[in-house]
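Spelled out, the chains give:
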Amino acid sequence: MSEPEKPRQLPLDLGHATGYSRDDLVVSQANAQAVALVDRWPDWPSPVVVLAGPAGSGKSHLATVWREMSGAISLDATDIEPHVAAVDGSRPVLIDDADQGPLDETGLFHLINQIRATGTTLLLTARRFAGGWGVTLPDLASRLKAAATVEIYEPDDLLLAGVITKLFADRQIEVDPAVVQYLVRRIERSLSTAIQVVDRLDRAALEQKTRITRALAAEVINAADEGQAELEV
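These figures come from a predicted structure and were not determined experimentally.

Visitor: Before we go on, may I ask you to explain the pairing of strand β4 (residues 122-126) in this structure?
Guide: The element β4 is largely enclosed, with a buried count of five among its five residues. In this structure, strand β3 (residues 93-95) lies alongside β4, joined through three bridges in parallel fashion. Residue Leu 94 lies in a different strand from β4, and its bridge partner there is Leu 123. For the segment spanning β3, helix α3 (residues 105-118) and β4, crossover handedness is right-handed.

Structure follows, in structure tokens:
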């Protein structure tokens, strides 16, 4: 006679927001230089700074922290020119994901000139160094070459473990460190993936009315891997 299935309950969406404050930052060698840059503002090595790193490395988190502390204006990389005249030096400027999508090169060139003229600062985040953006405007390429570039690296074990632990703590969930280390070894090295996995584990634990264990972590990760494999077929 087969055992009865464990009772399941529908998990409620409690709106767990990912923390993007300075206190939410977990620092390791992978992002220490970038965090130090944010902390030392406005004492920057150049009025224009490029924060470059792979997807999922935490660039947007750092950019959000800097925007909140500096009061920066956020501009879309594809639509810069119409907003240049409003940059008067009273607030710095942030352009996130500068290398994703068609860059408004003329607008960025004029913006950099305005930034320098008004004595404020510009932070651009991108997956690649500015030399790899495919910029065709020579004057803009020259301006970007003069910018300071700070690299943020793919999350290391310490950073990934710290982020996972904090994500669980934000949900008031205590998880054995062995489970955290198992996740660090198994998931993609991306902070966005860590957020997704913690969410799935929380939901699975609520459905099955169980603690978050290594076995449950393996079940959730395997299910995600199988789903991805089906999409790739």
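Continuing now.
Visitor: Honestly, the confidence of the model for the chain in this entry has me stumped. Any pointers?
Guide: Atom-level detail of predicted coordinates should not be read off regions where pLDDT is low. Overall, the prediction assigns the chain a mean pLDDT of 87, with 86% of residues at 70 or greater. In the predicted structure, residues 1-17 sits below a pLDDT of 50 and forms 15 contacts with residues beyond four places in sequence or in another chain.

Visitor: When you look at the side chain of Thr 125 in this model, what are you seeing that I'm missing?
Guide: Mapped onto the elements of the fold, Thr 125 is located in strand β4. For Thr 125, a relative accessible area of 0% corresponds to the buried category. Leave out the neighbours within four places in its chain, and Thr 125 touches Leu 51, Lys 59, Ala 63, Leu 94, Ile 95, Asp 96, Asp 97 and Ala 98.

Visitor: It is not clear to me how helix α1 (residues 32-40) should be interpreted in this structure. Could you clarify?
Guide: Since the α-helix advances by 3.6 residues per turn, residues separated by three or four positions end up pointing in the same direction. Turning to α1, its buried residues number three or more, namely Ala 34, Val 35, Leu 37 and Val 38. Each buried residue of α1 sits inside an arc of 155° when the element is viewed along its axis, so together they form one side. Next to the buried residues of α1 lie β1 (48-52), α2 (59-70) and β5 (148-151).

Visitor: Teacher, can you tell me more about the packing of α3 against helix α4 (residues 138-145) here?
Guide: Helix packing geometry: the angle between the two helix axes and the distance between the axes. It is the contact of α3 with α4, at a shortest axis distance of 9 Å, that shows an interaxial angle of 45°. Between α3 and α4, the interaxial angle falls into the category oblique. Two packed elements cross with a definite hand, and for α3 against α4 that hand is left-handed. Seen from α3, the contacting residues are Glu 105, Leu 108, Phe 109, Ile 112, Asn 113 and Arg 116; seen from α4, they are Asp 139, Leu 140, Arg 143 and Leu 144.

Visitor: Hey, could you run me through the environment of Pro 92 in this one?
Guide: For Pro 92, the location among the structural elements is in the loop between β2 (73-74) and β3. Overall, Pro 92 belongs to the buried group, its relative accessible area being 4%. Sequence-wise, Pro 92 and Pro 42 are 50 residues apart; in three dimensions their C-alpha atoms are separated by 9.5 Å. Among all residues touching Pro 92, those that are not within four sequence positions of it are Trp 41, Trp 66, Ser 70, Gly 71, Ala 72, Ile 73, Thr 120 and Thr 121.

Visitor: Just checking my understanding: could you explain the environment of Ser 28 for this structure?
Guide: As for its position among the elements, Ser 28 is in the segment before α1. A sequence separation of 128 residues divides Ser 28 from Asp 156, and the C-alpha atoms of the two residues are 7.6 Å apart. Ser 28 has contacts with Asp 156, Leu 158 and Leu 159, leaving out every residue within four places of it along the chain.

Visitor: Help me understand the packing of α1 against α2 in this model?
Guide: The contact between α1 and α2 brings their axes to 10 Å, and the two run at 10°. Classified by the angle between their axes, α1 and α2 sit roughly parallel to one another. Contact with α1, carried on its side by Ala 34, Val 35 and Val 38, involves Leu 62, Val 65, Trp 66 and Met 69 of α2 and no other residues of that element. Looking at side-chain class alone, the contact of α1 with α2 contains seven nonpolar, no polar and no charged residues.

Visitor: Would you explain the nonpolar core in this entry?
Guide: Looking at soluble globular proteins, one finds that nonpolar side chains tend to be buried together. Residues Ile 164, Phe 168, Leu 183, Leu 201 and Ile 212 are the most contacted members of the largest nonpolar core, which totals 29 residues. Those elements that provide at least two residues to this core are α5 (157-170), α6 (177-186), α7 (191-208) and α8 (214-232). Filtering out sequence-adjacent residues up to four positions away, Leu 201 remains in contact with Phe 168, Leu 183, Ile 212, Leu 216, Ala 217 and Val 220. In terms of nonpolar packing, the next biggest core, distinct from the first, is built from 25 residues, Val 84, Ile 95, Ile 115 and Leu 124 among them.

Visitor: Can you walk me through the pairing of β1 in this structure?
Guide: Each regular strand displays side chains that alternate between the two surfaces of the sheet. With respect to burial, β1 is a largely interior element, five of its five residues being buried. The alternating pattern of β1 places Val 48, Val 50 and Ala 52 on one face and Val 49 and Leu 51 on the opposite face, and all of these are buried. The pairing of β1 with β4 spans five bridges and is classified as parallel. Bridge pairing in β4 places Ala 52 opposite Ala 126. With four bridges connecting them, β1 and β5 associate as parallel partners. Looking at the pairing, Leu 51 lines up with Val 150 of β5.

Conventions and cut-offs
Residues numbered from 1 in each chain as written. Predicted model: local features only at pLDDT ≥ 70, side-chain atom pairs only at ≥ 80, totals over all residues. Heavy atoms only, no water. Buried < 20%, exposed > 50% of the residue type's maximum accessible area, 1.4 Å probe, protein only. Helix = DSSP H or I, 4+ residues; strand = E, 2+ residues; numbered from the N terminus. Pairing = 2+ DSSP bridges. Right-handed = clockwise from strand over helix to strand, strands pointing away. pLDDT = per-residue confidence, 0-100. Contact = heavy atoms within 4.5 Å. Arc of directions from axis to C-beta. Axes fitted to C-alpha atoms, helices over the stretch in contact; angles between N-to-C directions. Parallel < 35°, antiparallel > 145°, perpendicular 65-115°, else oblique. Left-handed = near helix turned anticlockwise from the far one by under 90°. Nonpolar A, V, L, I, M, F, W, Y, C, P; charged D, E, K, R; others polar. Core = buried A, V, L, I, M, F, W, Y, C linked by side-chain atoms within 4.5 Å.

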